[in-house]
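# Structural description and commentary
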Amino acid sequence: MDSKVPSAPPAMNPDYKGASQDGVPLAYAVPVNNEPKVVVAEVVTTQTPPLPPPVELGRKPVRMECPFCKQNMVTRTKKRLGACTAGSMAGLVLCCCWICAIFPLCCGSCKDTIHYCSSCGREIGEKTAACC
């Protein structure tokens, strides 16, 4: 092992000064023997690939590249009850038309559409329904 290599960090090593002559702390420790130290640093830059333009998810399946498995596929869609469905049902009940309150459950345009990758099965996104 080389004897010139300090065995402790600069603040703990007695061969280093911690402040200048006038008592102002230095930004870094200076060796007492003023031997120049060579520090080699390597800068690595990486370039991220450009993102594809976003695909507009609608109520029908769309052709796109899956952001997870990178396969070019057509999405698989599934309908789910959402805020529009609940709001439409509540509005019909409040208008004393409680018999008609079941219609938003049957209406596909009142439900949210969730898009899944047909290759890996992960959820890609969803299209929330605009209230009927």
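The coordinates are above.
What you see is a predicted model, and the numbers here were worked out from it, not measured in a lab.

What counts and what doesn't
- Each chain has its residues counted from 1, following the order in which its sequence is written.
- Side-chain atom pairs in this predicted model are given and counted only at pLDDT of 80 or more, local residue features only at pLDDT of at least 70, and totals for whole chains, interfaces and linings cover all residues.
- Side-chain metrics rest on all non-hydrogen atoms present in the structure, leaving aside hydrogens and water.
- Within this scheme, the nonpolar core is defined by two criteria: the residues are buried Ala, Val, Leu, Ile, Met, Phe, Trp, Tyr or Cys, and they are joined through side-chain atoms within 4.5 Å.
- Buried, partly exposed and exposed residues are distinguished by accessible area as a fraction of the type maximum, computed with a 1.4 Å probe on protein chains only: under 20%, between the cut-offs, and over 50%, respectively.
- Contacts are assigned to residue pairs with any non-hydrogen atoms lying within 4.5 Å of each other.
- For the purposes of this entry, the term helix denotes a DSSP run of H or I that reaches at least four residues, the term strand denotes a run of E that reaches at least two, and both are numbered from the N terminus.
- Strand pairing follows a simple DSSP-based rule, namely that at least 2 bridges must link the two strands.
- By salt bridge we mean one thing: a side-chain nitrogen of Lys or Arg within 4 Å of a carboxyl oxygen of Asp or Glu.
- When two rings of Phe, Tyr or Trp (its six-membered ring) have centres within 6.5 Å they constitute a pair, described as stacked for plane angles under 30 degrees, edge-to-face for angles over 60, and tilted for the intermediate range.
- Lysine NZ or arginine CZ positioned within 6 Å of the ring centre and within 35 degrees of the ring normal marks a charge as sitting over the ring.
- Patches here are clusters of residues that have more than 30% relative accessible area and form no salt bridge, with a 9 Å joining cutoff for like charges and a 5 Å cutoff for nonpolar side chains (Val, Leu, Ile, Met, Phe, Trp, Tyr).
- Methods summary: accessible areas were calculated by the Shrake-Rupley approach with a probe of 1.4 Å, and residue burial reflects only the protein chains presented.
- For this count, His and the chain ends are skipped, Lys and Arg are scored as positive, and Asp and Glu as negative.
- Throughout, a charge is located at the NZ atom of Lys, the CZ atom of Arg, the CG atom of Asp or the CD atom of Glu.

### Details of the nonpolar core
- One finds Leu 57, Val 62, Met 64, Cys 66, Met 73, Cys 117 and Ile 124 forming the largest nonpolar core, which totals seven residues.
- Beyond its immediate stretch of four places on either side in the chain, Met 73 contacts Val 62, Arg 63, Met 64, Cys 66, Cys 117, Ser 118, Ser 119 and Ile 124.

### Some thoughts on the pairing of strand β6 (residues 112-116)
- Counting buried positions along β6 yields five of five residues, so the element is predominantly enclosed.
- Of the two faces of β6, the one holding Asp 112, Ile 114 and Tyr 116 and the one holding Thr 113 and His 115 are both buried throughout.
- Two strands pair when backbone bridges link them, and strand β5 (residues 76-80) and β6 are joined in this way by five bridges, in the antiparallel orientation. Each bridged residue has a counterpart across the sheet, and for Arg 80 the counterpart in β6 is Asp 112.
- Bridge count between β6 and strand β7 (residues 123-127): four bridges; the pairing is antiparallel. Bridge assignment links Ile 114 to a residue of β7, and that residue is Glu 126.
- Between the antiparallel neighbours β6 and β7 lie six residues, among them Gly 121 with a positive phi of about 85 degrees.

### Some remarks on the pattern of salt bridges
- The tally for this structure, following the rule as stated, stands at one salt bridge.
- One salt bridge connects Glu 126 with Arg 80, and the closest N-O pair in it is separated by 2.9 Å. Taken together, the residues Glu 126 in strand β7 and Arg 80 in strand β5 connect sequence positions 46 residues apart.
- Classification of Glu 126 as partly exposed rests on a relative accessible area of 33%.

### Regarding the packing of aromatic side chains
- Using the criterion set out here, one finds zero aromatic pairs in the structure.
- A cation over an aromatic ring shows up here: Arg 122 above the ring of Phe 68, its NZ or CZ 3.9 Å from the ring centre.

### Concerning a positive patch on the surface
- On the surface, Arg 59, Lys 60, Lys 79 and Lys 127 cluster together into a patch of positive charge.
- Tracing the sequence through the fold places Lys 60 in the loop between β2 (25-31) and β3 (63-65).
- Owing to a relative accessible area of 65%, Lys 60 belongs among the exposed residues under this scheme.

These values are about where atoms sit, not about what they do.
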